[in-house]
Amino acid sequence: ESDLPLSRTSRNLRSQRRSNATKKMAAPSSKGGQLLYALISRGKTVLAEYTDQAGNFPTVTRMLLGKIDDSKPGRVSYVYDQYMFHYTVFDGLIYLCMADADPSGQDRVRVPYAFLDDIKEEFTMAYGERAQTAIAFEMNQSFGAEVCPQLLWPAHIDG
């Protein structure tokens, strides 16, 4: 049983309400820009991460986490090989995702930041202040395994 304090129904209703209130989500495009990896950390302490891809994403993101100042709210994107890493800092937590670089440049930042806003909202509602004292990977099973897969697949937002 999950320790996620939200029922599946309330998450689904909130997701549906958000989609109806903002923009409709669709399947990832084969042109690139697909979200492949997501991570939430407090400094270098990873609280939850998710990917269904093979690769050295955890190694690369750990190096990147060492360079992020989590005391300054903001959004930044980095290119690394054929991938783009996007992160936002909010309330001392780092919300990060990795995407295939979109060769057209369309949605290069819009889609990842919409995704990061979604996981920030879900994570904050689920854990609140608990995230400020959690140990490494404490939320990984519940958040990483339940919420992130649902959010990663609708990786392209129609304009």
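Shown above is the structure to which this text applies.
Residues numbered from 1 in each chain as written. Predicted model: local features only at pLDDT ≥ 70, side-chain atom pairs only at ≥ 80, totals over all residues. Heavy atoms only, no water.

## Here's the deal with the pattern of salt bridges
Next up, step 1: Applying the stated criterion across every chain yields a total of four salt bridges.
Next up, step 2: A salt bridge links Asp69 to Lys72; the nearest nitrogen and oxygen atoms lie 4.0 Å apart.
Next up, step 3: Residue Asp69 is classed as partly exposed on the basis of its relative accessible area of 36%.
Next up, step 4: Salt-bridge contacts for Arg130 lead to Glu138; the nearest nitrogen and oxygen are separated by 3.3 Å.
Next up, step 5: The class of Arg130 is partly exposed, set by a relative accessible area of 33%. (Salt bridge = Lys/Arg side-chain N within 4 Å of Asp/Glu carboxyl O. Buried < 20%, exposed > 50% of the residue type's maximum accessible area, 1.4 Å probe, protein only.)

## Remarks on the nonpolar core
Next up, step 1: If you look at the biggest cluster of nonpolar residues, it comprises 20 residues, and the most contacted ones within it are Phe123, Met139 and Phe143.
Next up, step 2: Put simply, the parts of the chain that give this core at least two residues each are β2 (35–42), β3 (45–51), β6 (93–100) and α3 (110–127).
Next up, step 3: Per-element accounting of this core gives the leading share, seven residues, to α3.
Next up, step 4: Not counting the four nearest positions on each side in its chain, Met139 is found in contact with Leu47, Ala48, Phe123, Tyr127, Arg130, Ala131, Ala134 and Gly144.
Next up, step 5: One finds Val46, Tyr83, Ile94 and Leu96 within the second-largest nonpolar core, a separate group that totals 16 residues. (Core = buried A, V, L, I, M, F, W, Y, C linked by side-chain atoms within 4.5 Å. Helix = DSSP H or I, 4+ residues; strand = E, 2+ residues; numbered from the N terminus. Contact = heavy atoms within 4.5 Å.)

## Concerning helix α2 (residues 57–65)
Next up, step 1: Those residues of α2 that sit buried are Phe57, Val60, Thr61, Leu64 and Leu65. An end-on view of α2 places all buried positions within 140° of arc, on one side of the element.
Next up, step 2: As for α2, its buried residues are in contact with β2, β3, β4 (74–80), β5 (83–90) and β6. (Arc of directions from axis to C-beta.)

## A word on α3
Next up, step 1: The end-to-end C-alpha distance of α3 is 26 Å, a good match for the 26 Å that 18 residues give at a rise of 1.5 Å each.
Next up, step 2: Counting buried residues along α3, 13 of its 18 residues qualify, which places the element largely inside the surrounding structure.
Next up, step 3: Positive backbone phi, approximately 50°, marks Gly128, located one or two places after α3. (Expected span 1.5 Å × (residues − 1).)

## Quick word on the packing of aromatic side chains
Next up, step 1: A complete count under the given rule lists six aromatic pairs for this structure.
Next up, step 2: Between Phe57 and Tyr83 the ring centres are 5.8 Å apart and the planes differ by 80°, which places this aromatic pair in the edge-to-face class. In this pair, Phe57 is assigned in helix α2 and Tyr83 in strand β5, connecting sequence segments 26 residues apart. Each member of the pair Phe57 and Tyr83 is classed as buried.
Next up, step 3: An aromatic cluster of at least three residues, connected via ring pairs, comprises Tyr37, Phe57 and Tyr83.
Next up, step 4: Over the ring of Phe90 we find Lys120, and its NZ or CZ is 4.5 Å from the ring centre. (Phe/Tyr/Trp six-rings, centres within 6.5 Å; stacked < 30°, edge-to-face > 60°. Lys NZ or Arg CZ within 6 Å of the ring centre and 35° of its normal.)

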